[in-house]
Amino acid sequence: LYQMKGDTTLIFPAAIKTMTGDALIDLLRRHPLFKVDEMGNVFFNGQRIERVDVNGKLLFGEDAVTAVKTLTASDVHLLKSYEETDEIDEILRGTENARKRRILSVITFKNFASIKSGDILLEGGRDRNEDVDGEKRNRYAAIGNLGMYIPKYIHCIILQTQKLWAFANHSSTSHELHRKRCH
């Protein structure tokens, strides 16, 4: 399952049974050294994973949760977990007093230049109670997310859209474009 090599723990994903389509987070849930909380935060021996790099690249910036939810378990060849000194903290406090961060390094079978991910949630239902007009309305919602993680642009772009229908001739739409610095 794993091997210690100096201060780095090597994790061998092939030793963990996964199902077709499982994400990396599903693989980590099955490994005895990892715990995953309800928000998707991953912990290695009690320390929260603060950053995930893929083949030495920060494809997801500092967003470790999105990384483990987006990467497919079948793409992962090897995992390395180690501590790294926080660079800013090292400058402020010095090498001896700097805070250590837990890193998960993912080595994949393929070399990714960028990652694009997306999901959509469709919901529908009928009002339980009658409205002021004495009617029960059908309600529908479609919510989607699209994420693009491209390291050469140093930004993550996340597009979120939401469409709500209260009844056939009335709808409302909202779109949000979030652009944040990945690293």
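Look up: the structure comes first, before these words.
Residues numbered from 1 in each chain as written. Predicted model: local features only at pLDDT ≥ 70, side-chain atom pairs only at ≥ 80, totals over all residues. Heavy atoms only, no water.

Considering the overall build of the protein
So, point 1. Counting its regular elements, the protein contains three helices and eleven strands.
So, point 2. In sequence order, the protein lays out its α and β elements as β-β-α-β-β-β-α-β-α-β-β-β-β-β.
So, point 3. Considering the protein as a whole, with its 183 residues, one finds that 35% of them fall into the buried category.
So, point 4. A separation threshold of at least 6 residues defines the contact pool for the protein, and within that pool the share at least 24 residues apart is 52%. (Helix = DSSP H or I, 4+ residues; strand = E, 2+ residues; numbered from the N terminus. Buried < 20%, exposed > 50% of the residue type's maximum accessible area, 1.4 Å probe, protein only. Contact = heavy atoms within 4.5 Å.)

Observations concerning a nonpolar patch on the surface
So, point 1. Together, Ile 88, Ile 91 and Leu 92 line one region of the surface with nonpolar side chains, adding up to about 400 Å² of accessible area.
So, point 2. With respect to the helices and strands, the residue Leu 92 is situated in helix 3 (residues 87–93). (Patch = residues over 30% accessible without salt bridge, like charges linked within 9 Å, V, L, I, M, F, W, Y side chains within 5 Å. Areas by Shrake-Rupley, 256 points an atom, 1.4 Å probe, with all protein chains shown as cover. Salt bridge = Lys/Arg side-chain N within 4 Å of Asp/Glu carboxyl O.)

Quick notes on the pattern of salt bridges
So, point 1. All chains considered together, the criterion is met by twelve salt bridges.
So, point 2. Between Asp 53 and Arg 51 there is a salt bridge, and its shortest N-O distance comes to 3.7 Å. This pair shows no difference in class: Asp 53 is buried, exactly as Arg 51 is.
So, point 3. Between Glu 62 and Arg 101 there is a salt bridge, with the nearest N and O atoms lying 3.2 Å from each other. Taken as a pair, Glu 62 in the loop between strand 5 (47–54) and helix 2 (64–70) and Arg 101 in strand 7 (residues 100–108) lie far apart in primary sequence, 39 residues in all.
So, point 4. Counted as one network, the salt bridges with shared partners bring together Asp 131, Asp 133, Glu 135 and Arg 137.

Description of the nonpolar core
For soluble globular proteins, nonpolar side chains are generally found buried alongside one another.
So, point 1. Judged by nonpolar contacts, the single largest core of 27 residues is most densely connected at Leu 24, Leu 28, Phe 34 and Leu 79.
So, point 2. Elements that contribute at least two residues to this core include exactly helix 1 (24–30), strand 4 (42–44), strand 5, helix 2, strand 6 (76–85) and strand 7.
So, point 3. Counting residues per element, this core draws most heavily on helix 1, at four residues.
So, point 4. Ignoring anything within four residues of it in the chain, the contact list for Leu 24 reads Val 68, Leu 71, Thr 72, Ala 73, Val 76, Leu 79 and Val 106. (Core = buried A, V, L, I, M, F, W, Y, C linked by side-chain atoms within 4.5 Å.)

Some details on the pairing of strand 2 (residues 8–11)
So, point 1. Taking every second residue as pointing to the same face, both faces of strand 2 are buried, with Thr 8 and Leu 10 on one and Thr 9 and Ile 11 on the other.
So, point 2. One ladder, built from four bridges, connects strand 1 (residues 2–5) with strand 2; its direction is antiparallel. What sits directly across from Lys 5, in strand 2, is Thr 8.
So, point 3. Hairpin connection of strand 1 to strand 2: two residues between the antiparallel strands, including Gly 6 at a positive phi of 65 degrees.
So, point 4. Of the pairings in the sheet, the one linking strand 2 to strand 6 comprises three bridges and is antiparallel in character. From the neighbouring strand, Leu 10 faces strand 6, where its bridge partner is Lys 80. (Pairing = 2+ DSSP bridges.)

Concerning the pairing of strand 5
So, point 1. Within strand 5, six of the eight residues are buried, leaving the element largely enclosed by the surrounding structure.
So, point 2. As paired elements, strand 4 and strand 5 share two bridges and run antiparallel to each other. What sits directly across from Phe 43, in strand 5, is Arg 48.
So, point 3. Where strand 4 folds back onto strand 5 in an antiparallel hairpin, the turn is made up of two residues, including Asn 45, whose phi is positive at roughly 50 degrees.
So, point 4. Where strand 5 meets strand 7, five bridges bridge the pair, whose relative direction is parallel. Its bridge partner being in strand 7, Val 54 is matched across the sheet by Val 106.

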